[in-house]
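So the chains spell out like this:
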Amino acid sequence: MLAPVRSLGFGGVRLVAELGRMAVFAGSVLRALLRPPPRLGRLVQEIYDTGFLSLAIVGGSGAAVGAVLGLQGYNTLVRFGAEESLGAVVGLSLIRELGPVLTGLLVTGRAGSAMAAEIASMLATQQLDGLRMMSIDPVHLVVAPKALAMFLVMPLLNALFIVTALGGGYAVGVSLLGLDGGTYFTSLESSVDFENDVAGSGIKSLAFGALVGLVATYRGYTATPNAAGVSAATTSTVVVASVSILILDYFITALWDVYP
Amino acid sequence: MHAAAPSDPHVEARDVGLSFGNRVVFQDLDCAFPRGRITVLMGGSGAGKSTLLRMIGGLERPDRGSIRVAGEEITGLRESELFRVRQRIGMLFQGGALLDSLSVAENVGLPLHEHAGLPADAIAAEVQRRLDSVGLPDVGDLLPSQLSGGMVRRIALARAIVRDPEIVLCDEPFSGLDPLNVRRIEALLVRLNQRLGLTLIVASHHVTSAFRMAHHLVFLLQGAAITGTPEELEASGDPRVEQFFAADREAEAEVQAWEGTG
């Protein structure tokens, strides 16, 4: 009868212990980032792998999401004679919520999983041990540039997602359904507030970037060093980072509303 | 049988105990590795050969006991202090452990790039010298994925010695290689020992190579070590050692017979 309670207790202890280990790991990544020499070459390579190679999927997805929002928004608004508000509806949905969240989920699937798999695979093939034996800290050379790259590219990809989505909304609402282009942009401009909406979107995407970078590198670095471990690290990165993004999004939104 | 401890041990393990869960790997392990000599660590799969090498390199900590490298106790050192000790050690990992994302030349030059403070052209010249020394002068621009298993081992050996270590640890350098590559790697290791006076500790279950190259053998059995020269171990009369060597001779004969009929 006590088994479920005991199991819940053990689960809670394991969760807290895991969070503690992750916090220690985050501390070692932060210290590595501050320690010379700066790994600029590695950082640029990681920005290319994480950011540049995600441009197509983020841009394409943004355009598709914007087009759907444009179509759905227009069909709903036209019932109330409020179709001139399409720019505001599309813009606010994207900038405040959909942009950072969907970008976070897309980048987790494309780049976060690859990041975890690469580190776990280096662990399984003893490349990280090889670095230690050469007196090179693998967190400094391999992990920290990856985590920092994720943190830096997430807001830029978020901006790309929003811009292409606004383009998608414009293409459907204006070019396809005949809404006036000036009305679309006037509605967008008058409803979006920089401090509340754009800055909030940027802060969310920075938080998501830090979160995905940390989860992906931690899961890769602590993987079981074999093929099954690489696979498990990849899967758990996508699951944990995706769910965490959704939960964190709620808290940031709630806090933003309380302390704007 | 325990032969007399080497008079000038470069690496020593004393009263080492290590368990992974319920599995006891070492129980009061005592062994020493003489300076400037080739010692081959032997034993069946799971005997703890690779684990002992990892403990000497500070990658694994024993539950108890002492590991001394060049007179320095390493078991209590922090990771940053181990980096200093590891400057004396080069390690050849079983799969090479070359970084996939770097070219062969970048892999070999990485320790110099990180620690030596040399200009790029001096590093390039040193890398080329090391590639020449392992008989692979033209592969600097290739990626590790473009090399064969034997070539990867030789490049990994070039990287292990590029900072002129005193001690080189080799984890199963012959496993999975054809006889020609086994002899190549073996000759390279012997040459390193003879020309540079390096202390080589080689974990291997390749009995023939071990008897050809070893000055000293450490045979790991049930968590403890039996040590001596190859001749001493062969004449030891220890049934467990004899059984291991006999099984190897039988396997060798079977392989030769199978190759003869193929």
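Conventions used here
- Residues numbered from 1 in each chain as written.
- Chains lettered and ligands numbered in written order.
- Predicted model: local features only at pLDDT ≥ 70, side-chain atom pairs only at ≥ 80, totals over all residues.
- Helix = DSSP H or I, 4+ residues; strand = E, 2+ residues; numbered from the N terminus.
- Buried ≥ 20, exposed ≤ 12 C-beta atoms within 10 Å, placed from the backbone.
- Contact = placed C-beta atoms within 7 Å.
- Pairing = 2+ DSSP bridges.
- Core = buried A, V, L, I, M, F, W, Y, C linked by C-beta atoms within 7 Å.
- pLDDT = per-residue confidence, 0-100.
- Expected span 1.5 Å × (residues − 1).
- Axes fitted to C-alpha atoms, helices over the stretch in contact; angles between N-to-C directions.
- Parallel < 35°, antiparallel > 145°, perpendicular 65-115°, else oblique.
- Left-handed = near helix turned anticlockwise from the far one by under 90°.
- Nonpolar A, V, L, I, M, F, W, Y, C, P; charged D, E, K, R; others polar.

S.K.: How should I be thinking about the overall build of chain B in this particular structure?
M.R.: Along its length, chain B carries nine helices and ten strands. Along the longest, intermediate and shortest principal axes, the C-alpha atoms of chain B span 55 × 55 × 35 Å. Scored against the burial criterion, the 262 residues of chain B give a buried share of 40%. For chain B, contacts bridging at least 24 residues in sequence account for 67% of all contacts bridging at least 6.

S.K.: I'm lost on the overall build of chain A in this one. Help?
M.R.: Along its length, chain A carries nine helices and zero strands. Its helices and strands in sequence order give chain A the pattern α-α-α-α-α-α-α-α-α, from N to C terminus. Along the first, second and third principal axes, the C-alpha set of chain A runs to 70 × 55 × 35 Å. For chain A, long-range pairs separated by at least 24 residues make up 87% of all intrachain contacts whose partners lie at least 6 apart in sequence.

S.K.: Sorry if this is basic, but what is going on with the sheet that holds strand S2 (residues 23-34) of chain B here?
M.R.: Residues and elements named next belong to chain B. Pairing is antiparallel across the open sheet formed by four strands, whose spatial order is S2-S1-S4-S5. A single partner strand is all that each edge strand has here, and the edge strands are S2 and strand S5 (72-73). Here strand S1 (residues 9-20) pairs with strand S4 (residues 64-69) via five bridges, running antiparallel. Within S4, the residue paired with Ala13 across the bridge is Ile67.

S.K.: Even after reading the chapter, I still don't get unusual backbone geometry, so can you show me in this structure?
M.R.: Note: most residues except glycine have negative phi, and most peptide bonds are trans. Here the bond from Pro36 of chain A into Pro37 of chain A is cis, since omega is 0°, no more than 30 degrees from zero. Here Pro37 of chain A shows up in the loop between helix H1 (3-34) and helix H2 (40-50). Here Ala97 of chain B, not a glycine, exhibits a phi torsion of approximately 55°, which is positive. With a phi close to 50°, Asp164 of chain B is a non-glycine residue in the positive phi region. Looking at the element boundaries, Asp164 of chain B is found in the loop between helix H5 (149-161) and strand S7 (167-171). Overall, the presence of 10 C-beta atoms within 10 Å leaves Asp164 of chain B in the exposed class.

S.K.: Is there a simple way to explain the nonpolar core in this structure?
M.R.: Side chains of nonpolar character tend, in soluble globular proteins, to be buried together. With 136 residues, the main nonpolar core has Val168 and Ile201 of chain B as its most contacted residues. Those residues in contact with Ile201 of chain B that sit more than four places away from it in its chain are Val11, Phe33, Thr39, Leu41, Leu53, Ile56, Ile167 and Leu169 of chain B.

S.K.: Help me understand the confidence of the model for chain A, please; the structure alone is not making it clear to me.
M.R.: Interpretation of the predicted coordinates at a detailed level should be avoided for regions scoring low in pLDDT. Averaged over every residue, the pLDDT of chain A is 93; the share at 70 or more is 99%. Within chain A, the element-level pLDDT minimum falls on helix H7 (residues 181-191) of chain A, averaging 90, and the maximum on helix H5 (residues 127-133) of chain A, averaging 96.

S.K.: Which parts of the structure should I look at to understand the interface of chain B and chain A?
M.R.: Accessible area lost upon the coming together of the parts is a frequently used measure of interface size. Contact residues are listed per partner, giving 15 residues for chain B and ten residues for chain A. At the level of secondary structure, the elements contributing two or more residues to the side of chain B that touches chain A comprise helix H2 (79-86), strand S6 (89-92) and helix H3 (104-115) of chain B. It is H3 of chain B that provides the largest number of residues to the side of chain B that touches chain A, a total of four residues.

S.K.: What is the right way to read helix H6 (residues 138-176) of chain A from this model?
M.R.: For an α-helix, the turn length of 3.6 residues means that residues three or four places apart are oriented alike. All names here are of chain A. Over its 39 residues, H6 runs 53 Å from end to end, which matches the ideal 57 Å to within 8%, given 1.5 Å per residue. Most of H6 is tucked away: 28 of the 39 residues are buried. Just downstream of H6, Gly178 is the residue with a positive phi angle, here 90°.

S.K.: Please explain the packing of helix H4 (residues 86-124) of chain A against helix H8 (residues 194-221) of chain A as it appears in this structure.
M.R.: For any two helices packed against each other, one specifies the crossing angle of their axes together with the interaxial distance. Residues and elements named next belong to chain A. Running from N to C, H4 and H8 point in directions that differ by 20°, and their axes come no closer than 8 Å. As the angle between them shows, H4 and H8 are arranged roughly parallel. You can see that H4 and H8 cross each other, and the crossing is right-handed. For the contact of H4 with H8, the residue count by class is 15 nonpolar, ten polar and five charged.

S.K.: How should I be thinking about the packing of H3 of chain B against H5 of chain B in this particular structure?
M.R.: Residues and elements named next belong to chain B. Put simply, H3 and H5 touch, their axes get as near as 7 Å, and they point 25° apart. For the element pair H3 / H5, the angle class is roughly parallel. Classified by chirality, the crossing of H5 by H3 is right-handed. Listed contacts from H5 to Val104, Asn107, Val108 and Pro111 of H3 are Ile155, Ala158 and Arg159. Grouping the constituent residues of the contact of H3 with H5 by class yields five nonpolar, one polar and one charged.

S.K.: Sorry if this is basic, but what is going on with the environment of Ala210 of chain A here?
M.R.: Residues and elements named next belong to chain A. Among the secondary structure elements, Ala210 is positioned in helix H8. Take Ala210: there are 17 C-beta atoms within 10 Å of it, and that puts it in the partly exposed class. In sequence terms Ala210 and Ala32 are 178 residues apart; their C-alpha atoms lie 15 Å from each other.

S.K.: Explain the environment of Ala32 of chain A here, please?
M.R.: Residues and elements named next belong to chain A. Tracing the sequence through the fold places Ala32 in helix H1. Under the C-beta neighbour-count criterion, Ala32 is labelled buried, with 20 such atoms within 10 Å. A C-alpha to C-alpha distance of 8.6 Å links Ala32 and Leu141, two positions 109 residues apart in sequence.

S.K.: What is the right way to read the sheet that holds strand S3 (residues 38-42) of chain B from this model?
M.R.: In a beta sheet, neighbouring strands pair by backbone hydrogen bonds and run either parallel or antiparallel. All names here are of chain B. With mixed pairing, six strands are arranged side by side in an open sheet as S6-S7-S8-S3-S9-S10. Lying at the two open borders of the sheet, with one neighbouring strand each, are S6 and strand S10 (224-228). The average angle at which neighbouring strand axes cross in this sheet is 15°, direction not considered. One ladder, built from five bridges, connects S7 with strand S8 (residues 199-203); its direction is parallel. If you follow Leu169 over to S8, its bridge partner there is Ile201. Seen against the sheet, helix H1 (residues 49-56) touches S3, S7, S8 and strand S9 (216-221) and runs at an angle of roughly 145° to S8. Helix H6 (residues 179-196) rests against S3, S7 and S8 of the sheet, and its axis sits at about 155° to S8.

S.K.: Sorry, what's going on with the confidence of the model for chain B here?
M.R.: With 95% of its residues at a pLDDT of 70 or more, chain B shows a mean pLDDT of 89. Model confidence for the complex: the whole-complex pTM is 0.89, and ipTM, which rates the interface, is 0.89.

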